[in-house]
Each structure stands twice: as C-alpha cells, then as structure tokens.
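# Residue-level structure breakdown
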Amino acid sequence: MALLVVAPLYLLAVTVAIRSNLFDFDKGALDAKDTKALWAFIGSGIAAAVTLTGLLVTANHNRQAERRLGLDTAVKGIALTHREDGSYAQKAVLAGALSTLVHLYHPVIAMRMLSATWREDAADTASAIWIIDEVLEDGTPESQIEAARLFYQHADQLCYASAGQYEFPAILEKKWPAKLPWDARLALLTGLPKFLTSKPKQWWTDGHHWICPLLEAVIKDDNDKSLKAFAHDMLERLLSDVEPSDAAHRLGNKKRTFSEMKKTIDDYTPKAGDRFTDAETQGLLARVQDWMEGKTL
C-alpha cells in the first residue's frame, strides 16, 4: 500500500530531474533554472519520505491496536469459562466462549481450554466435537494438531447410550484431510479404531461399514506410506465380513461400493517397512480384529 502511494511521487521527482537536464554534469555550474529543479527534486524526495514514514507508523499503530483488542477479547472469553467461585461455567456458556476464541483467531487457546474442561466433564461432547471440527477446517497447524489429539484422546467417548447416536467431526464425513499436519492426520486416523470399537457391531444401526470409504480415502489421497498402510490393514479387517457387491456407503458426495473398496485393498499392498511397529498402533489393529470376531474388549 505504501509503495502505491510513494511510487508516483518518486516518478514525478525523477521526471522533473531528467527533463530539466539536472544530471547533465558536462555543462558546468548550475544556473537558476537548474537550482530550482534541484530543489524541486529534493522537495519531492522529502515529501515521499515523510509520506512513507507516516504510512508505516500508522500501519504499525493499527497492528498494535488490533493485537491489544484481540488479547482483551481473548481474556474476556477465558473469563466467561469460569464462575466467580472458580468453578466452570455452564456447558452452554463454556461452548460459546470457546467457539468465540476460535473465530477470533485464538484456536490454540481454545484447544488448551477445551482439553482441560473436557477432561473434567465441564464441556459437552457435541460442542467439543463442533469446536474441534472448526479448528481442523480453519485453524493454525499447531491448533490442528491439538484438535486431532483431543479427538484421539476422547474417541471412545463419542457414542451415546442410544444405538446409532454419536458425535463425529464433520470434516471426516466429507473427505480425508490429507493437507493437515502429519501429527494431526496420525491422531485422527488412529482415533478411528478407538471410536468404532467403543460400541459393539450391533450398536451401529446403519452398519459399521460406513467408515470404510474414509479409510479408503486415506489409501488413495494421503502421501504417507505408514498412514496408508494402517488404513489398508484396518479397512481389510472391516471388510472381511462382506463379499464384493454394489452395496455402498458415502464419503461426502462420493458413493463407494464394497466391490470398489475391496479392489482398492487388493491393488495396494503395503511394504513391510511401511507399517507402524509400536505396540500402541499394533494394539489398535488387534482390537479391530477382536471386535470383528465378536470378542469382549
């Protein structure tokens, strides 16, 4: 912006200098006309410098004012999460305060607050997942990692007592977010088996295969071999109880049949070095296998 204002002034000054032969040093001492042109050139330069300085000072002042306003708003938002006696506010008030922090570009603060309040059962599940989804969609990389890890930590607490009733990030019902930071994608992916196996197969009134297109999308869309291998192995276990057919589930606006998803499994074979070898991730896949076999978890 400053350049757009100052550039014409410099152009005018240079034009005056050139047209007046100010830089023609072979003609000897400056006469009255040349001196006048020189002063015009110097005056234009000073005017441009003053203008630029003023613009920079104003812009810096505005940035500082915005930071102060944002910080004041964040402090007020945090204050709303507690009552005067130090206890947490009602869940509806707390959810509103946290969502306000997210929309005022303080997602990290919101995630830290949500982590503490959810752990102490001061945040309701529906609001927590909605806030996590907002951060996954439009947060900073740091806040997206924290949001995904919160999903992982609470993945086995997202299903209600009533069959088929659960909370789930909307972003994962539309696509696999392959552009999120790797740590965030890992937490989301490894949270899926915890989420799915938190209830028995018969609890899922629409069938447990609804999550399969998401796992297939990891195989197709992610660029990390370890994540693709984990998704492949989980998908292979979940589809072990169905035959290839035109029966389908959706991910966003895409319908994927059992035949198509089984072909994806057959076409992609992870290499031995691609798979996670730690006990935790291997334990999650073993849990899915036991769950599919109807074993008590």
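## Brief notes about the overall build of the chain
A count of helices and strands for the chain gives 12 helices and two strands. Of the regular secondary structure in the chain, the N- to C-terminal order runs α-α-α-α-α-α-α-α-α-α-β-β-α-α. Sorting the 297 residues of the chain into buried and exposed places 42% on the buried side. Counting only contacts in the chain whose residues sit at least 6 apart along the sequence, the fraction spanning at least 24 positions is 66%.

## Quick notes on the side chain of Asp-133
Examined against the element boundaries, Asp-133 turns out to sit in helix α5 (residues 125-138). Summary of buried charges: Asp-133 has no salt-bridge partner, and the nearest side chain of opposite charge, Lys-174, is 5.8 Å away. Discounting chain neighbours no more than four positions away, the residues touching Asp-133 are Pro-169, Ala-170 and Ile-171.

## Looking at the packing of helix α8 (residues 182-196) against helix α10 (residues 225-238)
Relative placement of two packed helices is described by the angle separating their axes and the distance separating the axes. At their nearest, the axes of α8 and α10 sit 11 Å apart, and the two run at 15° to each other. Considering their axes alone, α8 and α10 lie roughly parallel with respect to each other. The two elements α8 and α10 meet at a crossing, and its hand is left-handed. Between α8 and α10, the residues in contact are Trp-182, Arg-185, Leu-186, Leu-189, Thr-190, Leu-192, Pro-193 and Leu-196 and Leu-227, Phe-230, Ala-231, Met-234 and Leu-238, respectively. Counted by class, the contact of α8 with α10 contains 11 nonpolar, one polar and one charged residues.

## Details of α8
Taking 1.5 Å of rise per residue, the 15 residues of α8 would be expected to cover 21 Å, and the 22 Å separating its terminal C-alpha atoms lies within 8% of that figure. Among the 15 residues of α8, 12 are classified as buried, and the element is accordingly described as predominantly covered. Those residues of α8 lying buried are Ala-184, Arg-185, Ala-187, Leu-188, Leu-189, Thr-190, Gly-191, Leu-192, Pro-193, Lys-194, Phe-195 and Leu-196. Elements in contact with the buried residues of α8: α5, α6 (141-154), α7 (171-174), α9 (212-221), α10 and α12 (279-292).

## Focus on the packing of α8 against α12
Look at α8 against α12: their axes get within 10 Å of each other, and the N-to-C directions meet at 35°. With respect to the hand of their crossing, α8 and α12 are arranged in left-handed fashion. Between α8 and α12, the contacting residues are Thr-190, Pro-193, Lys-194 and Leu-196 on the first element and Thr-281, Leu-284, Val-288 and Trp-291 on the second. When grouped by side-chain class, the residues that make up the contact of α8 with α12 number five nonpolar, two polar and one charged.

## Some remarks on the packing of aromatic side chains
In total, this model carries 10 aromatic pairs according to the counting rule given. Taking 5.6 Å as the distance between ring centres and 70° as the angle between the ring planes, the aromatic pair formed by Tyr-166 and Phe-195 counts as edge-to-face. Remark: Phe-195 occurs in helix α8 and Tyr-166 occurs in the loop between α6 and α7; sequence separation between them is 29 residues. Take Tyr-166: its relative accessible area is 26%, and that puts it in the partly exposed class. Classification of Phe-195 by relative accessible area gives buried; the value is 0%. Considering the side-chain rings of Trp-204 and Trp-210, the 5.9 Å spacing of their centres and the 45° angle between planes classify their relative orientation as tilted. Here the aromatic residues Phe-151, Tyr-166, Phe-168, Phe-195, Trp-203, Trp-204 and Trp-210 are joined through ring pairs into a cluster of three or more. A cation over a ring is seen here: Lys-228 above Tyr-268, with NZ or CZ 5.2 Å from the ring centre.

Definitions and cut-offs
Residues numbered from 1 in each chain as written. Predicted model: local features only at pLDDT ≥ 70, side-chain atom pairs only at ≥ 80, totals over all residues. Heavy atoms only, no water. Helix = DSSP H or I, 4+ residues; strand = E, 2+ residues; numbered from the N terminus. Buried < 20%, exposed > 50% of the residue type's maximum accessible area, 1.4 Å probe, protein only. Contact = heavy atoms within 4.5 Å. Lys, Arg positive; Asp, Glu negative; His and termini not counted. Salt bridge = Lys/Arg side-chain N within 4 Å of Asp/Glu carboxyl O. Axes fitted to C-alpha atoms, helices over the stretch in contact; angles between N-to-C directions. Parallel < 35°, antiparallel > 145°, perpendicular 65-115°, else oblique. Left-handed = near helix turned anticlockwise from the far one by under 90°. Nonpolar A, V, L, I, M, F, W, Y, C, P; charged D, E, K, R; others polar. Expected span 1.5 Å × (residues − 1). Phe/Tyr/Trp six-rings, centres within 6.5 Å; stacked < 30°, edge-to-face > 60°. Lys NZ or Arg CZ within 6 Å of the ring centre and 35° of its normal.

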